[in-house]
Structure formats: C-alpha cells, structure tokens
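One letter stands for each residue in the lines below.
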Amino acid sequence: MIDRLKRTYRRMPLGTRLALGLGVLSLAVFAVVGTALTTYMRDYLSAQLNEQLKLAQIAQSKSIADHGTLQGKKYYRWYYAVYDVSDGMPVLRGPEDPADIPVDVDDLTTVARAQIAADTEVIRTESLKGDGLYRLRACEVEPGVVLVSAAPMKDIEDTVGRLITVQVITFALALLALVVLGRSLLRRGLKPIGDMARTARGITSHDLTTDSARLPVRAGGGKGGPEVEELRTAFNTMLEHIDDALAVRTEAEQRLRRFVADASHELRTPLMSVRGYADLFQYAAANAPEERDRHLARLRAEAARMGVLLDDLLLLARLDAAEAETPLRPEDADLVALVRQAADVFRAGRPDHPLSVTAAPGPVRLRVDPLRIRQVLDNLLTNAAVHTPAGTKVALAVAVEESGPAGRAAVVRVTDSGPGIPAADRDRVFDRFYRVDKARSRDHGGSGLGLSVARSLVVAHGGTIDLTSEPGSTTFTLRLPTQA
C-alpha cells in the first residue's frame, strides 16, 4: 500500500506535489497553532475557575464560622462539604441542604485528607460519579474545620470543545483553499518551466544530421520571476551554444568536402600527366628513342609538382592537428637577415618585378623556425609576382612596432602596386585551393595552397597575417611577437 502511494506520488506533476507538500506543512502548522491555542484557553479558564473557587470560599468562611455549616445563596451545581479535622481525620458535618454534597463524597473526603497532610489549600480535578468532571478545592476556614468546594468543569469543556470545532472547520477550509489556490499559483509559476520542457521536446523533431541542421527553437516569455528567468537564460544560452556548434560542424563538414574535392581535382591533373608521359615514354623507348629523355623530364616535373602539393597538404594537416606537435624547430634568428635572403632569391627568380627592401637599422632577434618563416616570405613574394603583370613594383619592409597590450611585435609588410584584389575575394584568399583568378591555369597559378600554408605557419608562431587591398596597392602584413 505504501509503495503504491509512493509510485502514485512520483507520477504526480511537480505543481501538484508542491501543493500537497505545502498542504502537509500547513497542516502541521495548524495543528501546532490549534494545540497551543486550545491548551492556553483551557489553562486560562481553569485558572479563572480556581480564582472563583478561592473567592467563593473566602466569602463562605464567615457563614461556616457563624452557623457551623454553609448557609445562604449558593452557586448552581456546586458542591460544598465541611469537615471537622480536630483529631487529624476528616469528619463530614451535616449539610444545610442534602443537595450540597454529591451522592459519593469519597473524592471530597480524599481532598480534605490531602489538605490536612499538606496544611495548605489543595486543588484537584476529579470525575465525580454520576456528575462528570469537577474542580475541587480544600482550604482551612478556621482551626480544625476544612471546607471542600467542587465546581463543575462542564462549561470549560464545552467552551474548549466549541473552540476545537471552530478550529477544525476553519483550518480545514483554510487548508483546502491553500491547496487549491496554491496549486493554481504553482501551475502558473511553473508554466515557463513547462514551456522550456516542450521546447526541449520540440528539438527532437528537428533533423540534426543534415548539412543545414540548426536549432531555431528558443524558450520565450518573460514571466516566472528571477529564478525562472535565470533558468530560461541558461537554457537559451545552451541552445545558442548547440546551434553554434551545429553551424561550426556544418561549416567544417562542408569545408572538408570542398577540401577533399579540391585536393582530388588538384591531384588528378598531375596524375593524369604522369600517366600520359609514362605512356609516351614507353612509346618513345620503343619507337623514338630521341624523345625518351624529354618525356622522362616532363614525367619527373609532374611528379615533383605532385610532391610539392602533397607536402603542402601534409604540412597543413600537421598544423591543423591539435593533438600533434607543431612541425616547427624554433631557434634564435634575425628576421632582417631572413627578409634579405628572401629578397635576394626573389630578385634572382623574378627579375621582371623590381623589389625594394626597407629594413630596421639593427637586427630583429626572434625565436622562430627560420625555414618556415622563409617559406612564408617566399610564398608572399611569389604570390605578388604571380598575380601581377611584369614590371609591377614590389616592396618589402620590416620593422618593430608597439602592439598594444601584447607588447612589441616584429612587422613585415609585402606590398605590390598591382591591380589589387576584388572585395568579394579578400575574405577568402587564405582559404585552401582558392584562386582569385578562376581562369588561371594550374601550371602557372599554383595550387591555391600558398597563402593557406603561410597563414597556418604564422599562427603556429603565435602571430597574425592580414590583407589590405585597393586598386594599385595590395599589402600583406605579417606580425610576429618579439618573444615568440
């Protein structure tokens, strides 16, 4: 039975359980208040009756002294007994009226005997046979004479009974109203939580496996108090984070698909070339030996190009792997010297692009991987030469600048005076396999990984790389912390 009640209670809604709990608590409070009030009222009325007995016996003492017994006007339903106690034993005197004493006077005699032993007034509550509950008081009115008065407690019991009845009815109505109104108020107060629960259940109706998976649902409303508002805010914040995570996942999946497709497309060209030149090499070896070396050289060139592409992809994968060590070998190096080396190589390979170098007066010492920084500089310079017409001026500058709260930073700027990069392409120039000139052939335009590799290497060094471009000026700004 108890287990069934427990199961039924657990299946109840939270508002109903709270209302019942509030009702049980209120019932306990009402019981304590009612008991205290009833006890106080009973004690108060009993004290009043004791005082009334005392005053009555003081007034009746003169009548007993004058006449030997109690005479005159008496209280209705009161009993009076006068005892002689000269020899230490109570002996009842004959009453003026037989109705002054009860049928059984044993209880009154017992109280008189207790007064003799205590030698002071004695008050007791006894149930007189056939008459009900009485308050008895015994006192000595004169030496050797004891008066025992008995007052009925029926009025007190009736008063206390009516008080208990009023309390039970009042408390029952108050408890019923408290449970009903409390349930209504609790239901209204818990409605925002119910709305959030329905919102959470509504998430299951959304397909989160698609590429466009998002969570447009949010818990609305502005009622419920500060606690509910705090819960609603936390709930919506959690949904925002889940929504952002889904967006990041979708973007990553799309980027991965695009990356795989682009990588496959980039590798397909050299692989087809390798296959074609291999067939030509086989044919030339059998029919035209003089063409064999030329086909072999082209075969090696395509294999080398495919190797460079694979090396770039491997480097990007290692830089992206958070759990792997960054493929850097840092050491103390002079950034000015690295810039001048890159400039010398650029002048030798790109004589059709005049290059000017502006360097700091002294060395700029950094803790970097010299080979990777040279790779970044070579990529930026090559990008400037490949995407601008012959004769375009290129400027290379290196300096040390203040970098706000981060302190000092080494700054390298690669600027060309070419046509610039369209605004629609500036945000994507660092994406992998992205080309500003879609019509440029892969033989001359590269694979589209140079700037991606450069940015990943700079980030691995704790630096940043930015682009600003307008017609006639394009600048890549590389910043490296001086304590990298």
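Residue indices follow the written sequence of each chain, beginning from 1 at its first position. In view of the model being predicted, local features appear only for residues whose pLDDT reaches at least 70, and side-chain atom pairs are presented and counted only at 80 or more, with totals across whole chains, interfaces and linings using the full set of residues. Calculation of side-chain values draws on the structure's entire complement of heavy atoms; hydrogens and water are dropped beforehand.

- The protein chain carries the name histidine kinase in an unreviewed UniProt entry, which gives Streptomyces bluensis as its organism.
- For the record of the protein chain, the UniProt heading Subcellular location (unreviewed entry) holds the text "Cell membrane".
- Per UniProt, the protein chain carries the Catalytic activity (unreviewed entry) text "ATP + protein L-histidine = ADP + protein N-phospho-L-histidine." UniProt positions are given in the numbering used here, feature names are shortened, and annotations may be inferred rather than shown by experiment.

## Description of the overall build of the protein chain
- Summing up its helical and strand segments, the protein chain has eleven helices and twelve strands in all.
- Burial classification: accessible surface area is computed with a 1.4 Å probe over protein chains only, and a residue below 20% of its type maximum counts as buried, one above 50% as exposed, and the rest as partly exposed. For the protein chain, with 484 residues in total, the buried portion stands at 35%.
- Should any heavy atoms of two residues lie within 4.5 Å, those residues are considered in contact. For the protein chain, restricting intrachain contacts to residue pairs at least 6 apart in sequence, the fraction spanning at least 24 positions comes to 63%.
- Residue exposure ignores everything except the shown protein chains as possible cover, and the areas themselves are Shrake-Rupley values with a 1.4 Å probe. Surface accessibility of the protein chain: about 28,300 Å² in total, with carbon and sulfur atoms responsible for 58%. Labels follow the DSSP assignment, with helices taken as runs of H or I lasting at least four residues and strands as runs of E lasting at least two, numbered in each case from the N terminus.

## Side note on unusual backbone geometry
- Residue R77 is not a glycine yet carries a positive backbone phi of 70°.
- Notably, D119 is not glycine yet its phi reads approximately 55°, a positive angle.
- With respect to the secondary-structure elements, D119 resides in the loop between helix 3 (106-118) and strand 3 (122-128).
- For D119, a relative accessible area of 59% translates into the label exposed.

## Side note on the pattern of salt bridges
- We define a salt bridge as a side-chain nitrogen of Lys or Arg found within 4 Å of a carboxyl oxygen belonging to Asp or Glu. Counted according to the given criterion, the structure contains nine salt bridges.
- One salt bridge in this structure joins D344 and R347, with 3.5 Å as the shortest N-O distance. Highlighted residues: D344 and R347, both in helix 7 (residues 335-349), separated by three residues, approximately one helical turn.
- On the accessibility criterion, R347 (37% relative accessible area) is partly exposed.
- Across the pair R413 and E401 runs a salt bridge, and its minimum N-O distance is 3.0 Å. Of this pair, R413 sits in strand 10 (residues 408-416) while E401 sits in strand 9 (residues 394-402); the two residues are twelve residues apart in sequence, bridging distant segments of the chain.
- Judged by relative accessible area, E401 falls into the partly exposed class, the value being 26%.

## Considerations on the packing of helix 8 (residues 370-386) against helix 11 (residues 450-460)
- Fitted lines through C-alpha atoms give the axes, limited to the stretch in contact for helices. The angle between two N-to-C directions lies from 0 to 180 degrees. Between helix 8 and helix 11, whose axes approach to 9 Å, the crossing angle comes to 145°. Helix 11 is crossed by helix 8, and the crossing has left-handed handedness. Of the residues in helix 11, those in contact with R372, Q375, V376, N379, L380 and N383 of helix 8 are G450, L451, V453, A454, L457 and V458.
- Polar here means any residue other than Ala, Val, Leu, Ile, Met, Phe, Trp, Tyr, Cys and Pro, which are nonpolar, and Asp, Glu, Lys and Arg, which are charged; Gly is therefore polar. In the contact of helix 8 with helix 11, the residues fall into seven nonpolar, four polar and one charged. Helix crossings fall into two classes, left-handed where the near helix is turned counterclockwise from the far one by less than a right angle and right-handed where it is turned clockwise.

## Structural notes on the nonpolar core
- In plain words, nonpolar cores are sets of buried Ala, Val, Leu, Ile, Met, Phe, Trp, Tyr and Cys residues tied together by side-chain atoms within 4.5 Å. If you look at the biggest cluster of nonpolar residues, it comprises 41 residues, and the most contacted ones within it are L335, L377, L381, L396 and V412.
- Secondary structure elements with two or more residues in this core: helix 7, strand 8 (365-368), helix 8, strand 9, strand 10, helix 11, strand 11 (464-470) and strand 12 (473-481).
- Aside from chain neighbours lying at most four places away, what touches L381 is A342, F346, L355, V394, L396 and V414.

## Focus: the side chain of T109
- The topology assignment puts T109 in helix 3.
- Pairs of N or O atoms are called polar contacts if they sit within 3.5 Å, as long as, within protein, a hydrogen donor faces a hydrogen acceptor (for residues adjacent in sequence, only side-chain-to-side-chain pairs). A polar side-chain atom of T109 sits 2.8 Å from a polar atom in the side chain of Y83.
- Not counting residues up to four positions away in its chain, the partners in contact with T109 are Y83 and P90.

## Quick notes on the UniProt feature "transmembrane region" (unreviewed entry) in the protein chain
- What UniProt calls "transmembrane region" (unreviewed entry) maps, in this numbering, to residues 20-41 and 163-186.
- For residues 20-41, the helix share is 100%, the strand share is 0%, and the end-to-end C-alpha distance is 31 Å.
- Helix makes up 100% of residues 163-186 and strand 0%, whereas the separation of the span's terminal C-alpha atoms amounts to 33 Å.

## Re the pairing of strand 12
- A pair of strands is treated as paired once DSSP finds two or more bridges between them. Pairing of strand 10 with strand 12 involves eight bridges; the strand directions are antiparallel. Of the residues in strand 12, the one forming a bridge with V411 is R479.
- Pairing of strand 11 with strand 12, which is carried by seven bridges, proceeds in the antiparallel orientation. Across the sheet, S469 pairs through a bridge with T474, a residue of strand 12.
- Taking the residues that link successive antiparallel strands as the turn, the strand 11-strand 12 hairpin has two residues, and the phi of G472 there is positive, at about 95°.

## Observations regarding the confidence of the model for the protein chain
- pLDDT gives the predictor's per-residue confidence on a scale running from 0 to 100. Mean pLDDT for the protein chain: 79, with 77% of residues reaching 70 or above.
- Segment residues 438-445: pLDDT under 50, and 14 contacts once partners within four positions in sequence are set aside and those in other chains are kept.

## Here's the deal with the packing of helix 7 against helix 8
- Contact geometry of helix 7 with helix 8 gives a least axis separation of 10 Å together with a crossing angle of 40°. Put simply, helix 7 runs oblique to helix 8. Considering only the axes of helix 7 and helix 8, their crossing is right-handed. Residues L335, L338, V339, Q341, A342, V345 and F346 of helix 7 form the contact with helix 8, whose own contacting residues are P370, I373, R374, L377, D378, L381 and A385.
- In terms of residue class, the contact of helix 7 with helix 8 is built from eleven nonpolar, one polar and two charged. For classification purposes, angles smaller than 35 degrees are called roughly parallel, those larger than 145 roughly antiparallel, those between 65 and 115 roughly perpendicular, and all remaining angles oblique.

## So, a nonpolar patch on the surface
- Together, M1, I2 and L5 give the surface a local cluster of nonpolar side chains, amounting to about 380 Å² of exposed area.
- What makes I2 exposed here is its relative accessible area of 59%. Surface patches are defined over residues having more than 30% relative accessible area and no salt bridge, joining like charges when they lie within 9 Å and nonpolar side chains (Val, Leu, Ile, Met, Phe, Trp, Tyr) when within 5 Å.

## Re the environment of R124
- The residue R124 is located in strand 3 in this model.
- A residue is classified by how much of its surface remains accessible, and R124, at 34% relative accessible area, is partly exposed.
- Residues R124 and Y134 lie ten residues apart in sequence; the distance between their C-alpha atoms is 8.5 Å.
- Not counting chain neighbours up to four residues away, the residues in contact with R124 comprise T110, V111, A114, Y134, R135 and L136.

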